[in-house]
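Now for the letters of each chain:
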Amino acid sequence: MVKLQRVVKPRTHKAKLALENREPKLIENTKTALFLHGHNTSELTRRCLKDLFALKRNFAKHMHQKNKIMPFEDIVPLEKFAQQYDSSLFGLINHSKKRPHNLILGRMFDYHLLDMVELGLEQYKSLTDIPGTKVSVGTKCCLVFCGPDFESDEKYKRLKSLLLDFFRGVEATSLRLQGFEHALFFFLNEGKLYIRSYKILFRKSGMRKPRVELMEIGPSSTMTIRRTKFASKDLFKRACKEPKKLQPKKKKNISKNALGTKLGRVHMTKQDIDNLQTRKVRALKSDKKSKSPAGVGTDL
Amino acid sequence: MGHSASNQHKISVKENRKKKHLYFGIMALDENMDKIREIIASAEEEIKSIEVEKDIPLELDLGNLLVTDINEIDKGKFSDENEVEEYLKNLARDGVQSILNAVYELPTDTIDNNIYALIPKPTTRLPREKPVPKPKPLTKWEQYAKEKGIKKTKKPTKIWDEILKEWVPKYGYLKAAAERKKNWVLEVPENADPFEDQFRKMSEKKKERIARNEYQRLSNIARAKNVKVPKLGVTSETMKSKFEMKTALEQTRLSTASLGKFQKTLQKEKPLPERKRGEKRKLPATNNSFAGIEQERKRSLKILSKMKKSELDYEMAVNKQIKMENVQMSHTGKKNANSGRRSKRGGRQRGKSEYKALSKGLSQKIKSKGSKGSKASKGSKGKQSGGKRKRK
């Protein structure tokens, strides 16, 4: 008899929930990040990773041990980590003579690599380097991307998508108007990426909308873009697939014309003309008298 | 916090009016100039506009609180480091301001004296974390129920037990305890073996039910994954392939008293093949008979003729000998010569021309093989002399 592969049921309720939480969902969980140290790290990159972790604190895991992982050479160990910790974003730092102060940011789809970009830190100011109050943990930050390359170049378009994915945080439905605290700014110029982090301050403007002022809080960094590995268009398209259930249903019989006027088509049942009540005229009245042809003239 | 000239700010009408009013105040009160100046300064701060004007309007995605500015970069600012920071800050400020302007126009909701803006869904398409979930495959029962239109009916979870006089759950928590309480004694059914352990029988039956259920669960999983699973019950390991099955079936059809002569063929069934009787193996005759002895003699002679060697080919033997000696020589000579550079060893051990000569000699040998006679002996002589030279 063929030996059946054991399909083990979770024994505890907790384990069952944990497994369910890992399964693919219609509306997905917020992506979590995994922060790792490579074979060799520098003080600068370590501080950078710590700050990145601080930015993503609620949805991240920081691993402090060194791992001999070179994602551009072999991605498999990283994919294993991703599966183990069920996280689809990763940030890995390493430092070598060839590529000093290296930060690799990436994302996965179905526990397999999708996009990955290697950034070299040139200037770095950490959260602690800049004095002053910081923002509270878990606030949704405004993301500002600046630079014509972000739209024109396919490579930087993907980079923007990756950074957006990395830093956007929880998908919110409502936000407190006074709760806007944090802004991240990404600026691209001649292959260099400038990342700045600001605290948002509200000033009076004499209107309901406040005037915004910014105060730098760190981390602030200037990076060069080194190696990149982006998913093929086909794979990316597959990853971006929206479930049919979430797609809005098309409403029937509603259309818009060229001027933008909403038009509706209404279907009616067929009118019963036989029993239609028309104007009541004596002449049309059918009574016993009218049946005789002589009677018609005399009545009038 | 200052602003570059490039950012044009409009001053709204309302704000303008405020300013005029303040100026009027200055003229009226000369003594309190300092105080008024302070007020002006604070008012000036307030007056800064909230409008953002760009050549290309900013692209907003409020679901992600994302703004993209694709306006041309002022590259002149990148020469001075301090100027760069200020420039970047201004760009960021404009972006954030435009987000907030849009957010303040969204419909709001008030909860606990806090005003919340209702954020629309993100418009930027981002890749999913995991693929879109597939619908859970139906179990065999679910499929059957769906076909038949059987709908689940809610059944009570507890049943009144007449013996215990209490409500007993159908399954799960406290069911086992109730069962234990109820079955402290078991009746031996009629016609049953009186020495049979009824408790054991019951527990075994339960175990069987559990096993069956587990099997069904697994087979449902297997069906969902399209894996072949052997059927419940006795499975034969002998007939694995279609061919084996076919031969077995033929065999059974033939295995009647009349060797399948009156066997009916079913519809679409192939007629029985004609029984092939296996060819009888003819064993060699025994040694005792005369014919047997004769046969054996022939057989052995045949083998002997195969074994018998042709006459000694002198030429071949000599060549063989020479070759062997050559090989031995080269081995002994190269033992020391192999170390170090070839140039120091005195160049190539064997020239190309010598190789050619060797191959020619070989061709001669082939020719000589074809025609036996004087030519062959000549060839052999030449070869011999060559060998002699080598030995020197």
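Quick caveat, the model's predicted, so the values are computed rather than measured.

Scoring rules and cut-offs
Residues numbered from 1 in each chain as written. Chains lettered and ligands numbered in written order. Predicted model: local features only at pLDDT ≥ 70, side-chain atom pairs only at ≥ 80, totals over all residues. Heavy atoms only, no water. Helix = DSSP H or I, 4+ residues; strand = E, 2+ residues; numbered from the N terminus. Buried < 20%, exposed > 50% of the residue type's maximum accessible area, 1.4 Å probe, protein only. Contact = heavy atoms within 4.5 Å. Areas by Shrake-Rupley, 256 points an atom, 1.4 Å probe, with all protein chains shown as cover. Buried area = accessible area lost by both parts, 1.4 Å probe. Salt bridge = Lys/Arg side-chain N within 4 Å of Asp/Glu carboxyl O. Core = buried A, V, L, I, M, F, W, Y, C linked by side-chain atoms within 4.5 Å. Pairing = 2+ DSSP bridges. pLDDT = per-residue confidence, 0-100. Phe/Tyr/Trp six-rings, centres within 6.5 Å; stacked < 30°, edge-to-face > 60°. Patch = residues over 30% accessible without salt bridge, like charges linked within 9 Å, V, L, I, M, F, W, Y side chains within 5 Å. Axes fitted to C-alpha atoms, helices over the stretch in contact; angles between N-to-C directions. Polar contact = N/O pair within 3.5 Å; in protein donor to acceptor, adjacent residues only side chain to side chain.

Side note on the overall build of chain A
When helices and strands are counted, chain A shows seven helices and 13 strands. Within chain A, the proportion of its 300 residues that are buried is 41%. Looking at chain A alone, contacts between residues at least 24 apart form 66% of all its contacts between residues at least 6 apart. By element, 53% of the accessible surface of chain A is carried by carbon and sulfur atoms, the whole surface being about 18,700 Å².

Things to note about the overall build of chain B
Each helix and strand in chain B was counted, giving twelve helices and six strands. Residue burial in chain B is summarised as follows: out of 392 residues, 19% are buried. The long-range share in chain B, meaning contacts at least 24 apart out of those at least 6 apart in sequence, stands at 40%. Total accessible area computed for chain B in this model is approximately 33,300 Å², and 55% of it derives from carbon and sulfur atoms.

Considerations on the interface of chain B and chain A
Accessible area lost when the parts come together is the quantity often used to give the size of an interface. Counting from both sides, the interface comprises 64 residues of chain B and, opposite them, 79 residues of chain A. Both sides together, the interface formed by chain B and chain A hides about 6,900 Å², and carbon and sulfur atoms give 62% of it. Contact with chain A buries surface across chain B, with B:Y104, B:R128 and B:E129 losing the most and accounting together for 13% of the total. Taken together, chain B and chain A are joined by six salt bridges. B:E85 is paired through a salt bridge with A:R196; the nearest N and O atoms lie 2.8 Å apart.

Points about the pattern of salt bridges
In this structure the tally under the stated criterion is 33 salt bridges over all chains. The closest approach of N and O atoms between A:R47 and A:D129, which form a salt bridge, is 2.9 Å. Remark: A:D129 occurs in the loop between β5 (112–125) and β6 (142–146) and A:R47 occurs in helix α2 (residues 43–55); sequence separation between them is 82 residues. Note on A:D129: relative accessible area 38%, which makes it partly exposed. Where B:E204 meets B:R200, a salt bridge forms, and the shortest distance between an N and an O atom there is 3.8 Å. Taken together, the residues span about one helical turn, with B:E204 and B:R200 both in helix α6 (residues 198–224) at a distance of four residues. For B:E204, a relative accessible area of 45% corresponds to the partly exposed category. Since its relative accessible area comes to 55%, B:R200 is described here as exposed. Each of the salt bridges in this network shares a partner with another, and the network as a whole consists of A:K31, A:R107, A:D115, A:R158 and A:D165.

Description of the nonpolar core
By size, the foremost hydrophobic cluster in this structure holds 35 residues, and its most contacted members are A:L103, A:L143 and A:F186. Examining the composition of this core, we find that seven residues originate from one element, helix α5 (residues 154–167) of chain A, more than from any other. Those residues within four positions of A:L143 in sequence are excluded, and the remaining contacts are A:L164, A:F167, A:R168, A:L184, A:F186, B:N64, B:L65, B:L66, B:V67 and B:I99. Listed in part, the 34 residues of the second largest apolar core include A:F180, A:A183, A:Y198 and B:A117.

Looking at the pairing of strand β6 (residues 166–169) of chain B
Walk down a regular strand and you will see the side chains alternate between the two sheet faces. All names here are of chain B. Of the strand pairs in this sheet, strand β5 (residues 158–161) and β6 are connected by four bridges, and their pairing is antiparallel. Considered in β6, the bridge of W160 is made with W167. Taking the residues between adjacent antiparallel strands as the criterion, β5 and β6 are bridged by four residues, where K165 takes a positive phi near 60 degrees.

Quick word on the pairing of strand β3 (residues 89–94) of chain A
Residues and elements named next belong to chain A. Burial of β3 is extensive: six of the six residues sit out of reach of the surface. Because side chains alternate across β3, one face comprises the buried residues L89, G91 and I93, and the other comprises F90, L92 and N94, equally buried. Sheet topology places β3 next to strand β4 (residues 102–109); six bridges connect them, and they run antiparallel. Pairing of L89 across the sheet is with R107, part of β4.

Quick word on the confidence of the model for chain B
All names here are of chain B. The predicted model of chain B has a mean per-residue pLDDT of 78, with 70% of residues at 70 or higher. Low pLDDT, under 50, characterises residues 1–13; the stretch is placed with 27 contacts to residues that sit more than four places away or in other chains. Here residues 365–392 is a poorly scored stretch, pLDDT under 50, and it has 22 contacts once near neighbours within four places are set aside; other chains count. Confidence estimates for the predicted assembly give a pTM of 0.63 and an ipTM of 0.83.

Concerning the packing of aromatic side chains
One pass over the full model with this rule turns up 15 aromatic pairs over all chains. Both rings, one in A:F187 and one in B:F78, keep their centres 5.6 Å apart while their planes meet at 15 degrees; by these two values the pair is stacked. Within this pair, whereas A:F187 is found in strand β8 (residues 182–189), its partner B:F78 is found in the loop between β2 (66–69) and α3 (81–103), the two belonging to separate chains. With relative accessibility at 0%, the residue A:F187 sits in the buried group.

Some thoughts on a nonpolar patch on the surface
Taken together, the side chains of B:L301, B:I303, B:L304 and B:M307 define a hydrophobic patch exposed on the protein surface, amounting to about 420 Å² of accessible area. Within the element layout of this structure, B:M307 appears in helix α8 (residues 290–307).

Quick look at the sheet that holds strand β3 (residues 108–111) of chain B
Strands sit in the order β7(A)-β4(B)-β3(B) across an open sheet of three strands; the sheet is antiparallel. Two strands in the sheet have a free side with no partner beyond their single neighbour: β7 (174–176) of chain A together with β3 of chain B. Along the sheet, successive strands turn relative to each other by an average axial angle of 35 degrees, direction set aside. Here four bridges tie β3(B) to strand β4 (residues 114–118) of chain B, and the two strands are oriented antiparallel to one another. Following the sheet pairing, B:T110 is matched in β4(B) by B:I115.

Quick look at unusual backbone geometry
The omega angle of the peptide bond from A:G218 to A:P219 is -5 degrees, so this bond is cis rather than trans. Relative to the helices and strands, A:P219 is located in the loop between β10 (211–216) and β11 (220–229). You will see that B:L65, though not glycine, has its phi angle at about 55 degrees, which is positive. Summarising the element assignment, B:L65 is placed in the loop between β1 (59–61) and β2.

Regarding the side chain of A:S197
Residue and element names in this part refer to chain A. Structurally, S197 is set in strand β9 (residues 192–203). At a separation of 3.1 Å, a polar atom in the side chain of S197 contacts the main-chain carbonyl oxygen of G218. In contact with S197, not counting residues within four places along its chain, are H182, A183, L184, M215, E216, I217, G218 and P219.

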